[in-house]
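Observations on the model geometry
Listed below are the residues making up each chain.
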Amino acid sequence: MRRVRGIAMVFVAVLAFAAPALAEKEMNTDVVVVGAGTSGLAAAVEALQLGAKVVVLEKQAKVGGTGSFCEGVFAAESKPQKRIGIDVNKDFAFKLIMNYSHWKANGALAKNFVDKSSETIDWLDDLGVKIEYVGVGGFGGPLTWHVIAPGPDYPDKNPRDFHCQRMINVFEKYVIDHGGKILLETPGTELITDNGKVVGVVAKEKSGETLKIRSKAVIVATGGFANNKEMMKKYIEYPEVIPVGNIGKDGDGIQMAQKVGAQLEGMGTVEAYRPGLPGFHPADQMIALAVQPYFWVTPRGERYVDESSVEFWPYAGNAITRIGGTAYSIFDETTRKQAVEKGIEMPLGEWVLQGTKLVKFDESFNKELARKRGFAFKANTIEDLAKQLNMDPKILKASIETMNKSAAVREDSQFNKKAKYLRPIANGPFYAVKLLPRHLGTLGGVKVSGNTEALNAKGEPIPGLYAVGTDSGGMYGDSYDLLLGGGTAGYAINSGRIAAENALKYAGMKK
C-alpha cells in the first residue's frame, strides 16, 4: 500500500513539474484602450493620429460591439447640414440636452461633445466614412442624425460595410494599418496603479496567460453593463428589460475603475427602446405592426398611454415600465390588411421604413402563434381574445369601445393622441401581440469631467484614467434623449476623441 502511495506521489510530482507554468507577459505602450467598440476605436484612431503608440484590448472575437448595429451619428452645424439649409446650431443642441435632463446632465461634458460634433463629421469624412443623408431621431424631430453611407464596395465585396458597421470597419483598418495593436479575446481585468496614478492594464489572453501592459494612460470603453444581471438588478428600475444588440457588456471597465477609486453617475438610466419581445430582430414585421401607435393596453385590458409616444421611443419605454413591464398591442383585420397592402405609418428607423408593406407579417405572426409561448394571440371575437389574454372581457370591451368612439369622432378622449393614429378595433379576426420593455444599452457609468477624466470621491481626476461612451455617466438625466438623433453613437465617437486628446496632453505628448 505504501509503495502504491509512493508511486502516485511521484507521478503527481512529475506531472506538476512537467506542466508548463502560464507565463506572465509584459508590454509597453503610450495608451491602452479597453474595448474595441465605437468609442474605443475612435479613441485609438485619434491617439494614433496624434503620434501615440496604442494597444486596444477586446474580449470578443471581433471588434465593433453595439456600435455595429447603429445607423448614424449626431452633429450640430455640420457641413452636410449647412449644405442643405438645416439650421440646428450648437447653442440649440446644448440647451436641448440640458433642459431635457433638467440639468442633471454634466454640462461641461455635454458642451464639449456638442462643440466637437461638427468637426468629427469632417474627421469621419477624411477617414472615408461618408454621410448618406441627415435625418431625425424621433419622428419629426430636429435634423441631426447623420446616417452613414455604405462603403464603396458594398455589397459586392463586403455586405457588412454598411451604416455604423462601415465606420467600425474603417476604424479597425486604420488602427492596424498605422501600427496599433488590437488584441482580440483578450479582456482587461484590472488597472495597474502607482502612487495613485493609473499606469497600465492587466489583461487575460485567450490562452489563459496574464498580460501586463504598462502605459502612460488608460481609456476604458467596454460598453456599459447591459448583460450583467447583478448590476442590472442593483441599479435599474426594471432589470428584466430586454437588451438589443448587446453582447458581453458586463461592466468590466466600470468595475475596474471603481476599484481604483472612481465614482459612478447616472447608473439607473438605460437607452430605452421601442417595446418588443426577446429574440426578435429590430426589423421583424410582427413587431413592426405591434409597435404602430394604435391601441395598447395593460394586462387588465386598460389603455394606458398615448401610443404615439413611440415616435420618441424612450417615452414609450418609460410608459411600459411604469405599468409593470407588460402590455399588449391589439388590432383588427382591417388594420392588419392596411399594413400589409398599404404599408406602415410609423418607421422603425432604417430597419423598417415608413410606407413599407408588411408582406412578411403573416409569416412571422403565424410562426409565433404556433409556438404558443404567450407572445401572439388571435381570436374571432373580443370576448375570446380577452379570455386568451386572461383579461376581464368587460374591461377590454370597455377600453375598445372608448377607442372606437374616439376614432369615429377623430378625437382621443383619453390621451389626446393625434387623430391620424386613431384606429377602431371592429372587424375580426382580432390580433394581440405582447410587448415588453427593451433597451439598447446602459447609460450610467464612471463619473467624469468634461474632458472624460475619471473622477474620485473628491471630484478630482484620477491621473491617467479616462472613461468614454457608455462606460461613462453624466450625459443623461433619468431618461434617454432621442430628441437629437444619433446622440449615443455621436457621444461615443466624440468622447473617445476627447479622451485621446486629453490623455496625450496628460502624458506630455500633446500641447
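Refer to the structure printed above.
Structure report, in brief. (Residues numbered from 1 in each chain as written. Predicted model: local features only at pLDDT ≥ 70, side-chain atom pairs only at ≥ 80, totals over all residues. Heavy atoms only, no water.)

**Describing the overall build of the protein chain**
Stated precisely, the cut-off is as follows: Secondary structure is summarised from DSSP: a helix means a run of H or I of at least four residues, a strand means a run of E of at least two, and numbering begins at the N terminus for each. To get the radius of gyration, use the C-alpha atoms; to get the globule rule, take the number of residues to the power 0.38 and multiply by 2.2 Å. Accessible area is worked out with a 1.4 Å probe on protein chains only. A residue is then buried under 20% of its type maximum, exposed over 50%, and partly exposed in between. Residues are treated as being in contact if the distance between any of their heavy atoms lies within 4.5 Å. The Shrake-Rupley method, run with a 1.4 Å probe sphere, supplies the accessible areas, and residue values consider only the shown protein chains as cover.
For the protein chain, the helix and strand inventory stands at 15 helices and 23 strands. Over its C-alpha atoms the protein chain spans a radius of gyration of 26 Å, differing by no more than 12% from the 24 Å that the globule rule assigns to 511 residues. Projecting the C-alpha coordinates of the protein chain onto the three principal axes gives extents of approximately 80 × 80 × 50 Å. Counting only residues that meet the buried cut, the protein chain has 56% of its 511 residues in that class. In the protein chain, the share of contacts with a sequence separation of at least 24, taken over all contacts with a separation of at least 6, comes to 70%. About 22500 Å² of surface is accessible on the protein chain, with carbon and sulfur atoms providing 52% of the total.

**Some details on the state of the cysteines**
The criterion, for reference: Here, the term disulfide refers to a pair of cysteine sulfur atoms separated by no more than 2.5 Å.
The final tally for this structure, using the stated rule, is 1 disulfide. Covalent S-S linkage joins Cys-70 and Cys-164, the inter-sulfur distance amounting to 1.9 Å. What sets the handedness of the Cys-70 and Cys-164 disulfide is the S-S torsion sign, and at about -100° it is left-handed. Here Cys-70, found in the loop between strand S3 (54-58) and strand S4 (72-74), pairs with Cys-164, found in helix H6 (residues 164-177); they are 94 residues apart in sequence, far enough to count as distant. Residue Cys-70 shares its accessibility class with Cys-164, and that shared class is buried.

**A few points about the environment of Gly-477**
On the secondary structure map, Gly-477 appears in the loop between strand S23 (472-473) and helix H15 (487-506). Between the alpha carbons of Gly-477 and Ile-182 there is a distance of 34 Å; along the sequence they are 295 residues apart. Excluding its chain neighbours within four sequence positions, the residues that come into contact with Gly-477 are Ser-101, Lys-104 and Thr-269.

**Structural notes on the packing of aromatic side chains**
The cut-off we apply is this: Here the aromatic set is Phe, Tyr and Trp, taking the six-membered ring for Trp, and pairing holds for ring centres within 6.5 Å; pairs whose planes are under 30 degrees apart are stacked, those over 60 apart are edge-to-face, and all others are tilted.
Enumeration over the complete set of coordinates arrives at 16 aromatic pairs. Measuring from ring centre to ring centre gives 5.0 Å for Tyr-273 and Trp-313, while their planes differ by 85°; the resulting arrangement is edge-to-face. Separated by 40 residues along the polypeptide, Tyr-273 in the loop between strand S14 (270-272) and helix H9 (285-290) and Trp-313 in helix H10 (residues 313-322) bring together distant segments of the chain. A single burial state applies to Tyr-273 and to Trp-313, both of which are buried. Measuring from ring centre to ring centre gives 6.0 Å for Phe-331 and Phe-361, while their planes differ by 65°; the resulting arrangement is edge-to-face.

**Concerning the sheet that holds strand S12 (residues 242-243)**
Selection rule: Strands pair, by our definition, only if DSSP identifies at least two bridges between them.
Strand order across the open sheet formed by 3 strands is S12-S19-S14, with mixed pairing between neighbours. Two strands close off the open sheet at either side, each with one partner strand: S12 and S14. Where S12 lies against strand S19 (residues 438-442), 2 bridges are found, and the strand directions are parallel. If you follow Ile-242 over to S19, its bridge partner there is Arg-438.

**Some points on the side chain of Arg-497**
The topology assignment puts Arg-497 in helix H15. Leaving out residues up to four positions away in the same chain, Arg-497 has contacts with Ala-42, Ala-43, Glu-46, Lys-116, Glu-119, Thr-120 and Trp-123.

**Here we look at the sheet that holds strand S15 (residues 296-297)**
The line we're drawing: Note on geometry: axes are lines fitted to C-alpha atoms, helical ones only across the stretch in contact, with angles between N-to-C directions running from 0 to 180 degrees.
With antiparallel pairing, the 4 strands of this open sheet are ordered in space as S15-S16-S18-S17. Sheet topology places S15 and strand S17 (376-379) at the edges, where each strand pairs with a single neighbour. Lying on the sheet, helix H11 (residues 333-341) is in contact with strand S16 (327-332) and strand S18 (430-435); it crosses S16 at an angle near 85°.

**A look at the nonpolar core**
For clarity, the cut-off: Nine residue types can take part in a nonpolar core, namely buried Ala, Val, Leu, Ile, Met, Phe, Trp, Tyr and Cys, and a core is a set of them joined through side-chain atoms within 4.5 Å.
One finds Val-218, Met-286 and Leu-465 to be the most contacted residues of the largest nonpolar core, which totals 81 residues. When neighbours within four sequence positions are excluded, Met-286 is seen to be in contact with Leu-277, Phe-280, Phe-361, Ser-364, Phe-365, Glu-368, Ala-376 and Val-433.

**Brief notes about the pattern of salt bridges**
Note on pairing: side chains with opposite charge can pair once their charged atoms come close. Rules: The salt bridge criterion pairs a side-chain nitrogen of Lys or Arg with a carboxyl oxygen of Asp or Glu, the two atoms within 4 Å.
One pass over the full model with this rule turns up 26 salt bridges. With a closest N to O distance of 3.5 Å, Glu-185 and Lys-206 form a salt bridge. One end of the pair, Glu-185, is in the loop between strand S7 (181-184) and strand S8 (188-194); the other, Lys-206, is in the loop between strand S9 (197-204) and strand S10 (210-214), with 21 residues separating them in the sequence. By relative accessible area, Glu-185 is classed as partly exposed at 30%. Each of Glu-46, Lys-116, Glu-119, Arg-497 and Glu-501 takes part in salt bridges that share partners, so that together they form one network.

**Overview of the pairing of strand S22 (residues 461-467)**
Of all the 7 residues making up S22, 5 are buried; the element is thus mostly covered by neighbouring parts of the structure. Where strand S11 (residues 217-220) meets S22, 3 bridges bridge the pair, whose relative direction is parallel. If you follow Val-218 over to S22, its bridge partner there is Leu-465. Inspection of the sheet shows strand S21 (residues 453-455) paired to S22 by 2 bridges, in the antiparallel sense. In the sheet register, Glu-453 faces S22, and the bridge partner there is Tyr-466. The antiparallel hairpin formed by S21 and S22 contains 5 residues in its connecting segment, where Gly-459 sits at a positive phi of about 80°.

**Description of the pairing of S3**
The two faces of the sheet receive side chains in turn, since in a regular strand these alternate between them. For clarity, the cut-off: By convention a crossover is right-handed if, when the strands point away from the viewer, the path from the first strand over the helix to the second runs clockwise.
Counting buried residues along S3, 5 of its 5 residues qualify, which places the element largely inside the surrounding structure. Of the two faces of S3, both are covered, the one formed by Val-54, Val-56 and Glu-58 as well as the one formed by Val-55 and Leu-57. Pairing of strand S2 (residues 31-34) with S3, which is carried by 4 bridges, proceeds in the parallel orientation. Directly across from Val-34, in S3, lies its bridge partner Leu-57. In this fold, S2 hands off to helix H2 (residues 38-49), which returns the chain to S3; that crossover is right-handed. In this structure, S3 lies alongside S7, joined through 4 bridges in parallel fashion. When the sheet's bridge partners are listed, Val-55 is paired in S7 with Lys-181.

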